[in-house]
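Here is how the chains run, residue by residue.
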Amino acid sequence: MSRIRSAGAAALASMSLLVLPALAQHRPHKSKPQAISEPWMNRQLSPDQRAELVLKQLTLDEKIALVHGNGMPGWGPQRPNAYLGNGGAGFVLGVARLGIPMIQMSDAAYGVRSSAANGRYSTALPSNLGSAASWDPQAACAYGALIGRELRAQGYNMTLGGGVNLTREPRDGRTFEYMGEDPVLAGTMVGNRIRCEQAQHVIGDIKHYAINDQESGRNEVNAIISRRAMRETDLLAFQIGISIGHPGAVMCSYNAVNGDFACQNKYLLTDVLKRDWKFPGFVVSDWGGTHSTIRASNAGLDNEEPLDDYYGARLKRDVLAGKVPMAQLNDHVRRILRSEFASGIVDHPTQKSVVDVFGDLAIARHIEENSIVLLKNQGAILPLNASSLRSIAVIGEHADTGMISGGGSAQVDPPGATSPPWLSHVWFPTSPLKAIREQAPRATVQFNSGSDPAAAAALAAKSQVAIVFAHQWSSEGMDLKSLELPGNQDTLIEQVAKANPNTIVVVESATAVTMPWVNKVKGIVEVWFAGSDGHHAMANVLFGKVNPSAKLPITFPLSVADLPHPHIVQPPPHAQGAAPVMKKGTDKPTFNVHYNEGLLVGYKWYDAKHKPVLFPFGYGLSYTTYAYSNLSADPQVRSVSFTVKNTGARAGVEIAEVYASLPATANEPPKRLVGWSRVSLAPGQSKTVTVAIKPLYLSVYNSATDQWKEVPGTYTLRVGGSSASLPLTASFNLQ
Ligand code: BGC
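Note that the structure is predicted; figures quoted are calculated from it, not measured. (Residues numbered from 1 in each chain as written. Predicted model: local features only at pLDDT ≥ 70, side-chain atom pairs only at ≥ 80, totals over all residues. Heavy atoms only, no water.)

**Points about the overall build of the protein**
Of the regular secondary structure elements, the protein holds 20 helices and 29 strands. Radius of gyration (C-alpha) of the protein: 26 Å, near the 27 Å computed for a compact globule of 735 residues. If one aligns the C-alpha atoms of the protein with their principal axes, the spans along those axes are about 75 × 60 × 55 Å. By residue count, 65% of the 735 residues in the protein fall in the buried class. For the protein, long-range pairs separated by at least 24 residues make up 77% of all intrachain contacts whose partners lie at least 6 apart in sequence. Only carbon and sulfur atoms are counted for the fraction: they give 53% of the accessible area of the protein, which is about 24,900 Å². Across the protein, 67 positive and 60 negative side-chain charges occur, with their mean positions spaced 2 Å apart. (Helix = DSSP H or I, 4+ residues; strand = E, 2+ residues; numbered from the N terminus. Rg over C-alpha atoms; globule rule 2.2 N^0.38 Å. Buried < 20%, exposed > 50% of the residue type's maximum accessible area, 1.4 Å probe, protein only. Contact = heavy atoms within 4.5 Å. Areas by Shrake-Rupley, 256 points an atom, 1.4 Å probe, with all protein chains shown as cover. Lys, Arg positive; Asp, Glu negative; His and termini not counted. Charge placed at Lys NZ, Arg CZ, Asp CG, Glu CD.)

**Let's talk about the packing of aromatic side chains**
In total, this model carries 14 aromatic pairs according to the counting rule given. Each ring, one from Y209 and one from F238, has its centre 5.2 Å from the other, and the planes form 70°; the classification is edge-to-face. Separated by 29 residues along the polypeptide, Y209 in strand 4 (residues 205–209) and F238 in helix 9 (residues 234–245) bring together distant segments of the chain. For the pair Y209 and F238, one class covers both residues: buried. Chaining the aromatic ring pairs together yields one cluster made of W135, Y603, F617, Y659 and W676. Sitting over the face of the ring of Y595, R168 holds its NZ or CZ atom 5.3 Å from the ring centroid. (Phe/Tyr/Trp six-rings, centres within 6.5 Å; stacked < 30°, edge-to-face > 60°. Lys NZ or Arg CZ within 6 Å of the ring centre and 35° of its normal.)

**Re the state of the cysteines**
According to the stated counting rule, one finds two disulfides in the structure shown. Two residues share a disulfide in this structure: C141 and C196, whose sulfurs sit 2.0 Å from each other. Between C141 and C196 the sulfur-sulfur dihedral comes to about -95°; the bridge is accordingly left-handed. Of this pair, C141 sits in helix 6 (residues 137–153) while C196 sits in helix 7 (residues 183–198); the two residues are 55 residues apart in sequence, bridging distant segments of the chain. Across a sulfur-sulfur distance of 2.1 Å, C252 and C263 are joined as a disulfide pair. One quick way to see it: the torsion about the S-S bond of C252 and C263 is about 110°, and its sign makes the bridge right-handed. Remark: C263 occurs in the loop between strand 8 (260–261) and helix 10 (266–276) and C252 occurs in strand 6 (residues 249–252); sequence separation between them is 11 residues. For the pair C252 and C263, a shared accessibility class is recorded, and that class is buried. (Disulfide = S-S within 2.5 Å.)

**Observations concerning empty space enclosed by the protein**
For the coordinates displayed, the defined rule picks out eight cavities of 30 Å³ or more. Volume-wise, the largest cavity comes out at about 140 Å³. Lining the largest cavity are 16 residues, and of these E232, L236, K604, E668 and R672 lie nearest its centre. Those elements that place two or more of their residues in the lining of the largest cavity are helix 7 and strand 24 (672–681). Residues of the lining of the largest cavity, tallied by class, amount to nine nonpolar, two polar and five charged. Shared between two domains, the lining of the largest cavity holds at least three residues of each, these being domain 1 (7–117 + 141–343) and domain 3 (624–734). (1 Å grid on protein atoms, 1.4 Å probe; cavity = no way out; pocket = protein on both sides within 12 Å on 5 of 7 lines; lining within 4 Å. Points joined across faces, edges and corners; volume = space filled by probe spheres on them. Nonpolar A, V, L, I, M, F, W, Y, C, P; charged D, E, K, R; others polar. Domains from an automatic or database assignment.)

**Focus on the sheet that holds strand 3 (residues 158–159)**
Across the sheet, three strands lie side by side as 1-2-3; this open sheet has mixed pairing. What marks the edges here is a single partner per strand, and that holds for strand 1 (90–92) and strand 3. In terms of strand pairing, strand 1 meets strand 2 (residues 103–106) through three bridges, oriented antiparallel. Each bridged residue has a counterpart across the sheet, and for V92 the counterpart in strand 2 is I103. (Pairing = 2+ DSSP bridges.)

**Notes on the nonpolar core**
Among the nonpolar cores identified, the biggest contains 125 residues, and L58, M158, Y209, L268, W287, L337 and F642 are the most heavily contacted of them. In terms of residue count, the dominant contributor to this core is helix 9 (seven residues). Domain assignment of the residues forming this core places at least three in each of domain 1 (7–117 + 141–343) and domain 3 (624–734). Excluding residues within four positions of it along the chain, L268 makes contact with Y209, A210, M230, L235, V257, A262 and L273. Counting 35 residues, the second-largest nonpolar core is a separate cluster that includes V373, V496, A497 and M515. (Core = buried A, V, L, I, M, F, W, Y, C linked by side-chain atoms within 4.5 Å.)

**As for the pairing of strand 5 (residues 221–224)**
Here strand 5 pairs with strand 19 (residues 591–594) via four bridges, running parallel. Counted as the bridge partner of I224 is H594 from strand 19. Two strands pair when backbone bridges link them, and strand 5 and strand 7 (residues 256–257) are joined in this way by two bridges, in the parallel orientation. In the sheet register, N222 faces strand 7, and the bridge partner there is A256.

**Regarding the sheet that holds strand 17 (residues 523–526)**
Sheet architecture is open: six strands sit in the order 10-17-16-15-11-14, paired in mixed fashion. Lying at the two open borders of the sheet, with one neighbouring strand each, are strand 10 (373–377) and strand 14 (444–448). Between one strand axis and the next, the sheet turns by 15° as a mean value, whatever way the strands run. Bridge analysis of strand 11 (residues 391–395) against strand 14 gives five bridges, and the strand direction is parallel. Considered in strand 14, the bridge of V394 is made with F447. (Axes fitted to C-alpha atoms, helices over the stretch in contact; angles between N-to-C directions.)

**So, the domain arrangement of the protein**
Taken domain by domain, the protein comprises domain 1 (7–117 + 141–343), domain 2 (357–557) and domain 3 (624–734). On the domain 3 side, the residues contacting the seven residues of domain 2 number 10 residues. For the pair domain 2 and domain 3, the summed buried area comes to about 610 Å², and 34% of that belongs to carbon and sulfur atoms. A salt bridge links E657 to K551, with the shortest nitrogen-to-oxygen separation between them at 3.9 Å. A breakdown of the residues in the side of domain 2 that touches domain 3 according to their chemical character gives two nonpolar, four polar and one charged. (Buried area = accessible area lost by both parts, 1.4 Å probe. Salt bridge = Lys/Arg side-chain N within 4 Å of Asp/Glu carboxyl O.)

**With respect to the pattern of salt bridges**
The final tally for this structure, using the stated rule, is 42 salt bridges. Close ionic contact of R193 with E197 constitutes a salt bridge, the shortest N to O distance being 3.0 Å. On the criterion of helical spacing, the pair formed by R193 and E197 is a turn pair, its members being four residues apart in helix 7. A residue is classified by how much of its surface remains accessible, and R193, at 1% relative accessible area, is buried. With a relative accessible area of 0%, E197 lands in the buried category. Note that K671 and D607 form a salt bridge whose closest N and O atoms lie 2.8 Å from each other. Highlighted residues: K671 in the loop between strand 23 (652–661) and strand 24 and D607 in helix 20 (residues 603–609), separated in sequence by 64 residues. Assessed through its relative accessible area of 10%, K671 is described here as buried. What emerges from the salt-bridge pattern is a single network uniting R174, E177, E215, R218 and E476.

Right, here's the structure in full:
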């Protein structure tokens, strides 16, 4: 565990000593509860009915025990009941006498975290952002199901995955943990991931609610944003994700929003989440993100993690004194119990087992194959022809041994390695060099690390093709200073490209990157953080066993100068020394970030400001080509129909995108994504597809009336293969 987190934890832990005796009274047994034939075990009853029946049985101490965590390894001194934990980020005691199990939580952004420390193994999937590039809800489902199975196999019954903060700021160090810049795409993908993760009988989670769009000073920053802007952007991603995935939990974020910390923000937790969206599950705090007892409880925080600074002895005291109504505590408890029943963790206790390592590798590879974006393919340099190539130069740091992964609490341990220090770069043993050698057995494949660009260029000069592996790492607790490839990588690519016109760049990146060399290389392939079998997926695309189909879930700008905020807003000096800022927040946010761009997130910003970009949102090439025709739009059922034809010689999948431009009176960005279809086509084949558009996706949020409404007038529907290439338009009127 990190030095920094441990430092912050000491303060937390000292406060928690207060309530140790109370905890000791509730020490449950680790053994499995006996079969209980009590009324709440009747599976015919709804989760609400079952939760209500349990609630009636609980003592005050049992209720309090359900609304807080019991520590996290490395987060301050160990608690007396730490032995009951499973090694994950937190756990909540159960009520063994009533058959209510403990909730064992693990981080699981792109796979189960810290497996090695636990003596176990887990599969790393492609980064969450990468998986969003597939635009494939079924792939999102497979992603979630894999994580759900591997969590249970390791003895966990709750995930801390489901990150969906919108990419409002692409330098955010956690961009790789999220699903991109469009709320409809991000919400759909995260919702399907959670739906299928939870179907494995783990409590699902969606995070970090909300507007945690930069990491710098995250414990102290106050995000200032209009209600309309947040409802139509960041919150819409959560709204869609929750409506599809029905997660048992929502994790409130560290930052403040419009003056109140998210974990005590009544507008976010009660008015929007619980009232407007009718969310029936529980709100769990981010780790150390709770700032109060009465205020947080009134605002709608249900569970404090990872300790009990505010929701242990203090909450009990305030309930006994009538400062927190019992009905309010009951609501917190009922929600937690409800999610336990709804997810099936009561009826299906976990049992540790060995995961299907090879089966899960195949799933990870398949998802990555659908997530790799072909950005440039000049002169059809790709796919490479293994039978005619005689020499290939593989260039780049670690390209002989591995591929990089994302850091922070998302970090999945590579096979055989124990949890690395908090901010270290972790390379999975997925050797691009080996994977390329396997696919090109007739070619001489030589490696150069690129530390000396001249030597790398010399190798490139004597090879038929040069493949440069470029990387950009990031982590929770930090933001990137720029979107440039770090170190000497831009120079390296320039020099290799000068030495060999047949240069291909494979980008392993956390987020968007700038590419000053874009016009000097022939091929560019974005593979993101590629996961446990990423090298095979990458090679399958380079050599044409897989025809790429993915499309960018974020815009790649030409320069950071084109972003809404030229610089990430930094915390005040007291917090600046500690990078990353992990210290527990003060009572009040100490600095503001004004998200004045409001509705103009991602492509909507570049559209509105007429700024050219490097690669637009929704863009991605294929080894075949597609033509679009025959658009018709039906206002009655709010749908569009059109024909897509595969005009090339290879089978492929085209992601056909549908955008809407709203009537001018709506005062909206020029266009918004309202739907898409993944169309699978043999060479020469045509298909007519219909995309239904949800009324919500055509609506505007009015903060005066607190309502979503379609504005009367003419809607223009635009269809094509990228946000910047929409050859078909049609319109309809809505009254
Ligand atoms: C992160 C959460 C994570 C938690 C537990 C926090 O620092 O923001 O995403 O789930 O730690 O590890």
